[in-house]
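Residue strings, one per chain:
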Amino acid sequence: MAATRRHRTAGPLFVTPFLVLFLLLFLTPLGYAAYLSLFQERLIGGTVFVGLDNYVQALDDSQLLHGVGRVALFFVVQVPVMLLLALLFALALDSGLLRLARVIRLGIFVPYAVPSVVATLMWGYLYGPDFGPFAQLSRKLDLPVPHFLSDGWMLGSLANIVTWEFVGYNMIILYAALRTVPHELYEAAAMDGAGAWRIAWSIKLPALRPALMLTLLFSVIGSFQLFNEPSLLMKIAPDVISSSYTANLYAYSLAFTGQQVNYAATVSFLLGLVIVIVSYGVLLTANRRRTP
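Let us look at the structure shown here.

**Description of the overall build of the chain**
Line of reasoning, step 1. Regarding its fold elements, the chain presents 13 helices and two strands.
Line of reasoning, step 2. A compact globule built from 292 residues would reach a C-alpha radius of gyration of about 19 Å, whereas the chain, at 24 Å, exceeds it by more than 25%.
Line of reasoning, step 3. Taken along its principal axes, the extent of the C-alpha atoms in the chain is 85 × 80 × 40 Å.
Line of reasoning, step 4. For the chain, contacts bridging at least 24 residues in sequence account for 65% of all contacts bridging at least 6.
Line of reasoning, step 5. With an accessible surface of roughly 18100 Å², the chain has 69% of that area assigned to carbon and sulfur atoms.
Line of reasoning, step 6. Positive and negative side-chain charges in the chain, numbering 18 and 14 respectively, have mean positions lying 14 Å apart.

**So, the pattern of salt bridges**
Line of reasoning, step 1. This structure, assessed with the given rule, holds two salt bridges.
Line of reasoning, step 2. For arginine 179, the salt bridge goes to aspartate 94, with nearest N and O atoms at 3.3 Å. One end of the pair, arginine 179, is in helix H7 (residues 154-179); the other, aspartate 94, is in helix H3 (residues 62-94), and 85 residues separate them in sequence.
Line of reasoning, step 3. Residue lysine 204 is joined to aspartate 94 by a salt bridge in which the shortest nitrogen-to-oxygen separation is 3.0 Å. Here aspartate 94 lies in helix H3 and lysine 204 lies in helix H9 (residues 196-207), a separation of 110 residues in the sequence. Each member of the pair, lysine 204 together with aspartate 94, is buried.
Line of reasoning, step 4. Three or more residues are tied together by salt bridges with common partners; here these are Asp94, Arg179 and Lys204.

**Quick look at the nonpolar core**
Line of reasoning, step 1. Within the largest apolar cluster, 60 residues are counted, with the highest numbers of intra-cluster contacts made by Met154, Leu208 and Ile241.
Line of reasoning, step 2. When contributions to this core are tallied by element, the ones reaching two or more residues are helix H2 (53-59), H3, helix H5 (116-127), H7, helix H10 (209-224), helix H11 (228-236), helix H12 (247-256) and helix H13 (261-290).
Line of reasoning, step 3. Setting aside residues no more than four positions away along its own chain, leucine 208 makes contact with Leu87, Leu91, Leu174, Ala177 and Leu178.
Line of reasoning, step 4. The next biggest cluster of nonpolar side chains, apart from the first, holds five residues, and it includes Val181, Tyr186, Ile199 and Ile203.

The rules behind the values
Residues numbered from 1 in each chain as written. Predicted model: local features only at pLDDT ≥ 70, side-chain atom pairs only at ≥ 80, totals over all residues. Heavy atoms only, no water. Helix = DSSP H or I, 4+ residues; strand = E, 2+ residues; numbered from the N terminus. Rg over C-alpha atoms; globule rule 2.2 N^0.38 Å. Contact = heavy atoms within 4.5 Å. Areas by Shrake-Rupley, 256 points an atom, 1.4 Å probe, with all protein chains shown as cover. Lys, Arg positive; Asp, Glu negative; His and termini not counted. Charge placed at Lys NZ, Arg CZ, Asp CG, Glu CD. Salt bridge = Lys/Arg side-chain N within 4 Å of Asp/Glu carboxyl O. Buried < 20%, exposed > 50% of the residue type's maximum accessible area, 1.4 Å probe, protein only. Core = buried A, V, L, I, M, F, W, Y, C linked by side-chain atoms within 4.5 Å.

Here is the structure:
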């Protein structure tokens, strides 16, 4: 009986530290943000309860809507390219045909180990129209100087930075998933006459669906929370990147520059809701395609 009681209490005791941290670091800030979003700070009257007025204002805020639309376009364009590159690298490494596979794997993963701030500053220098190496090389070759930090190029320049940073991270997830596939399946397929491309298409890709879904969900969250890269490049190209260039940057600017803490909490809460809806839509679409 004593042993049974210990077994019953062991589970909750192991889970308790996680639940405490989850409550303190996630649920409490989330609840506080929801609370702040229901108030407004006014010159006359101080802090006033306004209910859902902040949310009504946010849904009609053109700056917020343009920021959300911009990161949505960023997600649609950048994420497929990033995941396709990660998939190709993972398949190539798993094929066993590459020499120095460990060195190549490490080389692809190293950019993820570089902090995003350092990576953005590095690419900002490379993009520079005056002293950047691309601009200097173009002048020496008498070619037009590429305007990577112009309005038409900026979103692509940000996508390139994020892709460079996270291809290796997603590649490691996909590569680890490939290593769990039993080699007996490859041997059986080879005995049936299947080549490398057929094995990759019929065995490896179906086995990678859960891992691809995981990387896609991570990409949804990361894309809509885009902040570091535009925040730093705003110092280099202030005429192109405004304080509302992305929704996350807009919320930060409202809170710490405009001192509109209540409205910033509203924007943050709505952004979290958008992420939940998009993530659920991705999962629902994937499950429908999987269901015969």
